[in-house]
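Structural description and commentary
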Amino acid sequence: MNATVRTRQTSINVWSYYVRLFHWALVLSVTVAWLTSGEIMMVHKYAGYLAIALVASRLTAGLFGSGYTRFAQFVRSPRQTLDYLKDIAHKRERRYVGHNPAGAAMVLALLACICGIALTGWMQTTDAYWGVAWVQLVHELLGNAILVLVAIHIAGVALASVRHGENLVRSMINGRKRSPDVGDIA
């Protein structure tokens, strides 16, 4: 007699309330800033200030926080990140409970891009750089680059969700992911 043994998959808390609140507040502030660009400048400006305040908070949490919030927990070397991308191409990437190396690189790229957008946006409010063409051009280029990064981020989330059989968007809402299996990297 064959008995099918079903194991109940348990979940663990991975994304703290802070990380989830930060993530969705940043999504909202960047979206509002992008949509109001050149239209409602006061809203654009305050959405940008909120975005950079959120990034400053995340940088602090990444350096001094705990668990999966810390950069030291998930940021990998360029070599490890490239190796992980090769593994994706060959459909053999391992599951990471926190950020995988590609996701970690995307976190850093998004944070850096937002810092550049905020810096050039602020520069345009100063006497020294108001009306300076290159500052405005860099601000607009970075403002459009963030859309490309977000699209790649969403595609990566979708790919990892399918490949590893877990809804990563849901985990960024409820904070929980499937417990590590053998071979997963916690």
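Residues numbered from 1 in each chain as written. Predicted model: local features only at pLDDT ≥ 70, side-chain atom pairs only at ≥ 80, totals over all residues. Heavy atoms only, no water.

1. As for the overall build of the protein chain
Within the protein chain, the secondary structure is distributed over seven helices and two strands. The order of α-helices and β-strands along the protein chain, N terminus first, is β-α-α-α-α-α-α-α-β. Referenced to the eigenvectors of the C-alpha coordinate spread, the extents of the protein chain come out at roughly 80 × 30 × 30 Å. If you take every contact in the protein chain between residues at least 6 apart in sequence, the share linking residues at least 24 apart comes to 66%. About 11600 Å² of surface is accessible on the protein chain, with carbon and sulfur atoms providing 66% of the total. Considering the protein chain, the positive charge centre built from 18 side chains and the negative charge centre built from 9 side chains are found 11 Å apart. (Helix = DSSP H or I, 4+ residues; strand = E, 2+ residues; numbered from the N terminus. Contact = heavy atoms within 4.5 Å. Areas by Shrake-Rupley, 256 points an atom, 1.4 Å probe, with all protein chains shown as cover. Lys, Arg positive; Asp, Glu negative; His and termini not counted. Charge placed at Lys NZ, Arg CZ, Asp CG, Glu CD.)

2. Some remarks on the environment of Gly 175
Turning to its location among the elements, Gly 175 is positioned in the loop between helix H7 (168-174) and strand S2 (176-178). For Gly 175 and His 139, which are 36 residues apart along the polypeptide, the C-alpha to C-alpha distance reads 33 Å.

3. What to know about helix H6 (residues 133-164)
With 32 residues, H6 should cover 46 Å at 1.5 Å per step; its first-to-last C-alpha distance of 46 Å lies within 8% of that length. Regarding H6, the residues found buried are Val 135, His 139, Gly 143, Ile 146, Leu 149, Ala 160, Ser 161 and His 164. Buried residues in H6 make contact with helix H1 (17-36), helix H2 (41-64), helix H4 (78-89), helix H5 (101-123), H7 and S2. (Expected span 1.5 Å × (residues − 1). Buried < 20%, exposed > 50% of the residue type's maximum accessible area, 1.4 Å probe, protein only.)

4. Things to note about the packing of aromatic side chains
For any pair of aromatic rings, the description rests on two quantities: the centre-to-centre distance and the angle between the ring planes. All told, the structure shown has six aromatic pairs when counted by the stated rule. Residues Phe 71 and Phe 74 carry aromatic rings whose centres are separated by 5.8 Å and whose planes lie at 70 degrees to one another, so their mutual orientation is edge-to-face. Taken together, the residues Phe 71 and Phe 74, both in helix H3 (residues 71-74) and three residues apart, mark about one turn of the helix. Residues Phe 71 and Phe 74 agree in their burial class; the two are buried. (Phe/Tyr/Trp six-rings, centres within 6.5 Å; stacked < 30°, edge-to-face > 60°.)

5. Focus on the confidence of the model for the protein chain
Confidence in the prediction for the protein chain averages 93 pLDDT; 95% of positions are at 70 or higher. Note that pLDDT drops below 50 for residues 1-7; the model gives that stretch zero contacts with residues more than four away or on any other chain. (pLDDT = per-residue confidence, 0-100.)

6. Thoughts on a nonpolar patch on the surface
There is a patch of nonpolar side chains on the surface, built from Met 42, Tyr 46, Tyr 49, Leu 119 and Trp 122 and spanning about 570 Å² of accessible area. Breaking the nonpolar patch down by element, the ones donating at least two residues are H2 and H5. Note that Trp 122 resides in helix H5. By relative accessible area, Trp 122 is classed as partly exposed at 47%. (Patch = residues over 30% accessible without salt bridge, like charges linked within 9 Å, V, L, I, M, F, W, Y side chains within 5 Å. Salt bridge = Lys/Arg side-chain N within 4 Å of Asp/Glu carboxyl O.)

7. Topic: H1
The α-helix winds at 3.6 residues per turn, so residues separated by three or four positions along the chain end up facing the same way. A rise of 1.5 Å per residue sets the reference length of H1, with its 20 residues, at 28 Å; its end C-alpha atoms lie 28 Å apart and thus fit the reference within 8%. Looking at H1, one finds that the buried residues are Val 19, Arg 20, Phe 22, Leu 26, Ser 29, Ala 33 and Thr 36. Looking at the buried side of H1, the elements it contacts are H2, H5 and H7. One or two steps after H1, the chain reaches Gly 38, where phi turns positive at roughly 75 degrees.

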